[in-house]
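Residue-level structural notes
Chain by chain, the residues run as shown.
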Amino acid sequence: MKLILSKKELKEALTLKLHRHFGKEIPEATPEQMYMACAFLVRDLLMERRNQTVDRVEQNQSKQVYYLSMEFLMGRNFKNHLSNLELTEAFNEVLRDCGTSVDELAEIERDPGLGNGGLGRLAACYLDALTAQDYPAMGFSILYEYGIFRQKFIEGKQVELPDEWLGSGNVWMVPRMDEIQEVRFGGNVYTTFENGKLNFVHTDYDTVLAVPNDMLVSGFRNETVDTLRLWSAKSKNTIDMRLFSQGEYAKAMEQKAMCEVISKVLYPEDTHYEGKSLRLKQQYFFVSATIQCIVKRHKAQYGTMENFAEKAVVHINDTHPTVAIPELMRILIDEEGYGWDQAWDITKNCMAYTNHTIMAEALERWTVPMFRQLLPRIYQIVEEINRRFFEDLCVSFPYDPERISRLSIIANDEVRMANLCIATCFSVNGVSALHSDILKEKVFSDYHKMFPGKFTNVTNGIAHRRWLSQANPKLTNLICELIGDGFLKRPSELKNLLKFSDDRDVLRALEQIKRGNKAGMSELISKQYGISVSPDSIFDVQAKRLHEYKRQLLNVLHIMRDFDIIKENPHVSFRPKTYLFGAKAAAGYYMAKQIIRLIHSLASEINADPVCKDKLSVVFLEDYNVTLAERLIPSADLSEQISIAGKEASGTGNMKFMMNGALTIGTLDGANVEIFETVGNDNMFLFGLRANEVERITRDRSYVPSNYYHSNPALRKILDRLREGVGVGALRSAYPEIADSLLFCDTYMVLADFDDYCRAQALASEQYADRDAWNRKCLVNIAGSGRFAADRSVSEYAEQIWDVKPLV
């Protein structure tokens, strides 16, 4: 039901908030106070609906989804909630009288620092889609005080600064001090035998308090409000008064600091023992608090755990929350008094797992000594799960000790999180058709033989209301004029746009909207970076986490080739191009940070060269986040999805760009395969080796990257330049390590795909000249993008895996 608030009621409510929280009248209030007053008002409306949602869940005795993820990259809340509540215009009407607007106040809000990239954005999209479709759900994660980091570029080098986002973010948090949980680390475990029962007693442990804060998630044009629960770590003993009285102030606060570091930063650097230990602590802290919370809520409603798997599904998003499995076993055995078999039956029937990677280094493993020291009781349970699973492996693969060792949960002095998930969870899914096939046929093929019905696929999806209707309002208005607004609830209706594929007026309107978005982005770039880029140039965008397999380096080599072509013949006919990058590199990832510096070096040289004026420019956007993406993605003409085939699980950026009318230039990797199936070869630019070719070349060890260097003069010139130096002034630097990595290793076959990538780029530039044909391709992509909405993904999870129903 739509909220109906008159202008007078809304203004009175806003005035009351300013009085109560700041003691100010509207004319006296600062923009920050106005923003917070509006936010408090919206939060109150959401809290009312949240309470009603909880009542409906309890009355219907609905099965609930509990979605566990180390990341939730939510984006800003204010405009999203107003849109979902259909209150944007009502607030604007009041705020205009106050000399401001929703857009102006929204700029005060900082992006919540709760994620890094695709994993966190996907989790946020799924919470949005769950709520929009009336599914009862809760997300769980950590309230990271300083996010992952705020990215700053100094002389082209990435510098990591704390992301102090909570200043404006606190307004959206609802503290739940009545649901604090205790989490235990370290100590010793001993057993007693009483009344014919074996008991496990945990002593000498360190306690950390998990304090819950709820971020409310509004449903689109409905009355459902779900929650994202975020745990912050607090010390049980805030200060040692004895040490403080003795003047040892730092030591007096030491225990508090050591406890609270757990929720300070997402993904602390783990190239040292302390970092690895902190990451494991973070994971157990968040899942222990979460599982305790879920169990207490369930028992409060039903009084028993017997029906837990019928009323709850715990979804493990990637391997980070895997210790939820032994934690639930611990609670069932140690606290609820269940025997092993009963506890195992409940646990295996309520846990589901999504795998997001085939890369071995991303399938988490912990050393046994560290795991056992930090989580002694949890280790005992994992050890017993492994012992029983080992017996199953011996039946499935007799006389094959190497395979049994590889598939075991504990082996070679390490605990393997993915193996634990597969051994336990009732469902294991990949996130694109190609990725799921690779999991079943290669990465987890032996498990697939053991559990053929366990593996399935749910292709990723995006929150189309945020990434289309909120990020690109003019395009949304055009679509509404053409096919109505039903697509906002039923994204598959976007396919109805295809009937306008030959309507020149519609195609020209699309072009005007795109150019307007590009002009806005050009203005932002000029204002923030002092670089002038033409909105009439092709905006070629690669915005994603910086990793070698995503092959930002392939993009760079092609830009260097463009530069060489222009320098060799300044009068050459050249379609103007603006290359835009957005990416963060992990703090300890040396090669990724070198690639960032290389892009800056190259940009400094190209942007300063008068020969390149109005032809070629390169910009690396600083501190890429959801809000910046909402400006960048609608402005893109070309979407770079160029990972080596077979390495990207799915991707979601490819879907966002597609939905906003950018054409994909990419390999047949991840969800690119399904985009290709949807739009066809004529509406994207494919290149590169296929996944089976990459696998064959890798298996045969037949790849010799130096052959490409010797046989391709243009490529040889580029690699030689990397050794000699790129850039101007303080940004000039040589990059011999990058050149050597390509020439002597080239793990991700950049050189092998270089020529075909250049061909695809040339084809895109050529076809861009035919504006009607290009705009038609854009329309076909938009029309096909409904397939990649998170609403579809969540419906598949609900029907195929979770067995949950919408609230009535």
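Scroll up to find the structure.
Each chain has its residues counted from 1, running along the sequence as written. It should be noted that, the model being predicted, local features are given only for residues of pLDDT at least 70 and side-chain atom pairs only at 80 or more, the latter also being counted only at that level, while totals for whole chains, interfaces and linings use all residues. Excluded from the side-chain calculation are hydrogens and water; included are all heavy atoms of the structure.

So, on to the overall build of the protein chain. A run of H or I in DSSP counts as a helix once it spans at least four residues, and a run of E counts as a strand once it spans at least two, with each numbered from the N terminus. The number of helices and strands found in the protein chain is 35 helices and 23 strands. The reference for a compact globule is 2.2 Å times residues^0.38; the radius of gyration itself is calculated from the C-alpha atoms. In terms of overall size, the protein chain behaves like a compact globule, its C-alpha atoms giving a radius of gyration of 27 Å where 808 residues would be expected to give roughly 28 Å. Seen along its three principal axes, the alpha-carbon backbone of the protein chain occupies a region of about 90 × 75 × 65 Å. Contacts: residue pairs with any heavy atoms within 4.5 Å of one another. Contacts spanning at least 24 positions in sequence make up 76% of the contacts within the protein chain whose residues lie at least 6 apart. Computed by Shrake-Rupley with a 1.4 Å probe, the accessible areas treat only the displayed protein chains as cover when residues are assessed. Summed over its atoms, the accessible surface of the protein chain is roughly 31600 Å², and 49% of this surface lies on carbon and sulfur atoms. Computed over 97 positive and 109 negative side-chain charges, the separation of the two mean positions in the protein chain equals 1 Å. Asp and Glu are treated as the negative residues and Lys and Arg as the positive ones, with His and the ends of the chain left uncounted. Lysine's charge is taken at NZ, arginine's at CZ, aspartate's at CG and glutamate's at CD.

This brings us to the sheet that holds strand E22 (residues 663-666). For two strands to be treated as a pair, DSSP must find at least two bridges joining them. An order of E20-E19-E18-E21-E22-E23 is seen for the six strands of this open sheet, with the pairing classed as parallel. Each of the sheet's edge strands pairs with one partner strand only, and the pair in question is strand E20 (616-621) and strand E23 (685-686). Direction of pairing for strand E18 (residues 538-543) relative to strand E19 (residues 577-582): parallel, over a ladder of six bridges. Considered in E19, the bridge of Ile538 is made with Lys577. To obtain an axis, a line is fitted to C-alpha atoms, over the contacting stretch when the element is a helix, and the angle between two such axes runs from 0 to 180 degrees between their N-to-C directions. Packed on one face of the sheet, helix H34 (residues 771-784) meets strand E21 (638-641), E22 and E23 and runs near 90° to E22.

Our next topic: the sheet that holds strand E13 (residues 365-367). The pairing of strands in a sheet comes from backbone hydrogen bonds and takes either a parallel or an antiparallel form. Read across the sheet, three strands follow the order E13-E15-E14 without closing on themselves; strand pairing throughout is antiparallel. The open sheet has two free edges, formed respectively by E13 and strand E14 (410-411), since each of these has just one partner strand. By the bridge criterion, three bridges tie E13 to strand E15 (residues 414-416) in an arrangement that is antiparallel. Residue pairing in the sheet places Thr367 in a bridge with Glu414 of E15. Taken strand by strand, helix H18 (residues 417-424) contacts E13 and E15, and its axis lies near 45° from that of E15.

Another point: the packing of helix H6 (residues 118-132) against helix H35 (residues 790-802). Axis separation between H6 and H35 bottoms out at 8 Å; the angle between their running directions is 75°. Taken together, the axes of H6 and H35 lie roughly perpendicular to each other. Taking contact as the criterion, the partners of Cys125, Tyr126, Ala129 and Leu130 in H6 are, on H35, Ala790, Asp791, Ser793, Val794, Tyr797 and Trp802. Here the residues of the contact of H6 with H35 are counted per class, giving eight nonpolar, one polar and one charged. Note that the term roughly parallel is reserved for angles under 35 degrees, roughly antiparallel for angles over 145, roughly perpendicular for angles of 65 to 115, and oblique for everything else. Gly is placed with the polar residues, together with every amino acid not listed as nonpolar (Ala, Val, Leu, Ile, Met, Phe, Trp, Tyr, Cys and Pro) or charged (Asp, Glu, Lys and Arg).

With that out of the way, let us pick up helix H1 (residues 7-22). Over its 16 residues, H1 runs 22 Å from end to end, which matches the ideal 22 Å to within 8%, given 1.5 Å per residue. Here the buried face of H1 lies against helix H2 (31-60) and helix H4 (88-97). To estimate how far a helix should reach, multiply one less than its number of residues by 1.5 Å.

Working definition: a ring pair exists when centres of Phe, Tyr or Trp rings (six-membered ring for Trp) sit within 6.5 Å. Plane angles under 30 degrees give stacked, over 60 give edge-to-face, the rest tilted. All chains considered together, the criterion is met by 19 aromatic pairs. Aromatic side chains Tyr67 and Phe72 sit 6.3 Å apart centroid to centroid with 70° between the ring planes, which places their arrangement in the edge-to-face category. For the pair formed by Tyr67 and Phe72, the shared burial category is buried. Centroid distance Phe687 to Tyr757: 5.0 Å. Interplanar angle 50°. Geometry classified as tilted. Placement of Phe687 in the loop between E23 and helix H29 (691-700) and of Tyr757 in helix H33 (residues 750-768) is noted, with a sequence separation of 70 residues between them. Tyr757 matches Phe687 in its accessibility class, with the two residues each being buried. Here the aromatic residues Tyr67, Phe72, Tyr126, Tyr797 and Trp802 are joined through ring pairs into a cluster of three or more. Each ring is checked for a lysine NZ or an arginine CZ that lies within 6 Å of its centre and within 35 degrees of its normal; such an atom marks a charge sitting over the ring. Against the face of Phe200 rests Arg377, its NZ or CZ located 3.6 Å from the ring centre. Residue placement shows Lys518 over the ring face of Phe539; its charged tip is 5.1 Å from the ring centre. Each residue is assigned to one of three classes by its accessible area relative to the maximum for its type, calculated with a 1.4 Å probe on protein chains only: buried under 20%, partly exposed between the two thresholds, exposed over 50%.

The subject of this paragraph is the pairing of strand E4 (residues 157-161). Sheet analysis places strand E3 (residues 150-154) next to E4, joined by five bridges and oriented antiparallel. Pairing of Arg150 across the sheet is with Leu161, part of E4. From the end of E3 to the start of E4, which pair antiparallel, there are two residues, and Glu155 there has a positive phi angle of about 50°.

Here we come to the side chain of Thr476. By the secondary structure assignment, Thr476 is in helix H22 (residues 473-483). Judged by relative accessible area, which is 5%, Thr476 ranks as buried. Identification of polar contacts relies on pairs of N or O atoms within 3.5 Å, with a donor-acceptor requirement for protein atoms, meaning one able to donate a hydrogen and the other able to accept it, and with residues adjacent in sequence counted only if both atoms are side-chain atoms. Polar contacts involving the side chain of Thr476 include one to the main-chain carbonyl oxygen of Leu468, which spans 3.1 Å. Not counting the four nearest positions on each side in its chain, Thr476 is found in contact with Leu468, Ser469 and Phe487.

This paragraph deals with helix H16 (residues 376-396). Taking 1.5 Å of rise per residue, 21 residues should cover 30 Å, and H16 covers 30 Å from first to last C-alpha, within 8% of that figure. Within the sequence span of H16, burial applies to Pro376, Arg377, Ile378, Tyr379, Ile381, Val382, Ile385, Asn386, Phe389 and Leu393.

For the rest of this paragraph, the subject is the pattern of salt bridges. For this document, the term salt bridge refers to a Lys or Arg side-chain nitrogen within 4 Å of an Asp or Glu carboxyl oxygen. In this structure the tally under the stated criterion is 63 salt bridges. One salt bridge connects Glu182 with Lys236, and the closest N-O pair in it is separated by 3.0 Å. Here the residue Glu182 occupies a position in strand E6 (residues 181-185), and Lys236 occupies one in the loop between strand E10 (225-235) and helix H8 (241-245), the gap between them amounting to 54 residues. Classification of Lys236 as partly exposed rests on a relative accessible area of 44%. A single salt-bridge network, built from bridges that share partners, covers Arg176, Asp178, Glu179, Asp214, Arg229 and Arg297.

So, about the nonpolar core. Nonpolar side chains in soluble globular proteins tend to be buried together. Residues grouped as a nonpolar core are buried Ala, Val, Leu, Ile, Met, Phe, Trp, Tyr and Cys residues, joined through side-chain atoms within 4.5 Å. Core analysis: the biggest nonpolar cluster contains 245 residues, and Phe285, Met351, Phe371, Leu557, Leu722 and Trp802 have the highest contact counts within it. Per element, the largest residue contribution to this core is 11 residues, and it comes from helix H11 (residues 273-302). When residues no more than four places from it in sequence are discounted, the contact partners of Trp802 are Lys63, Val65, Tyr67, Leu130, Val313, His315, Val794 and Tyr797. Counting 31 residues, the second largest nonpolar core, distinct from the first, contains Phe40, Leu46, Ala90 and Val174.

A word on the side chain of Asn683. Structurally, Asn683 can be placed in the loop between helix H28 (672-679) and E23. At a separation of 2.8 Å, a polar atom in the side chain of Asn683 contacts the main-chain carbonyl oxygen of Val679. Ignoring any residue separated from it by four or fewer positions in sequence, one finds Asn683 in contact with Leu663, Lys777, Val780 and Asn781.

Right, let's get into the packing of H22 against helix H23 (residues 504-529). Across the interface, H22 lies against H23 with an axial gap of 9 Å and an inter-helix angle of 165°. For the element pair H22 / H23, the angle class is roughly antiparallel. Regarding H22 and H23, the two cross each other, and that crossing is right-handed. Between H22, through Lys474, Leu475, Leu478 and Leu482, and H23, the contact on the second element is made entirely by Val506, Ala509, Leu510 and Ile513. Along the lines of polarity and charge, the residues of the contact of H22 with H23 split into seven nonpolar, no polar and one charged. Should the near helix be turned anticlockwise from the far one by less than a right angle, the crossing is left-handed, and should it be turned clockwise, the crossing is right-handed.

Let's shift gears to unusual backbone geometry. Note: most peptide bonds trans; most residues except glycine with negative phi. Backbone geometry at Asp318 places phi at a positive 70°, although glycine is not the residue there. Structurally, Asp318 can be placed in the loop between strand E11 (312-317) and helix H13 (324-335). Exposure remark for Asp318: the relative accessible area of 8% places this residue in the buried category. Phi is positive for Met749, close to 55°, though the residue is something other than glycine.

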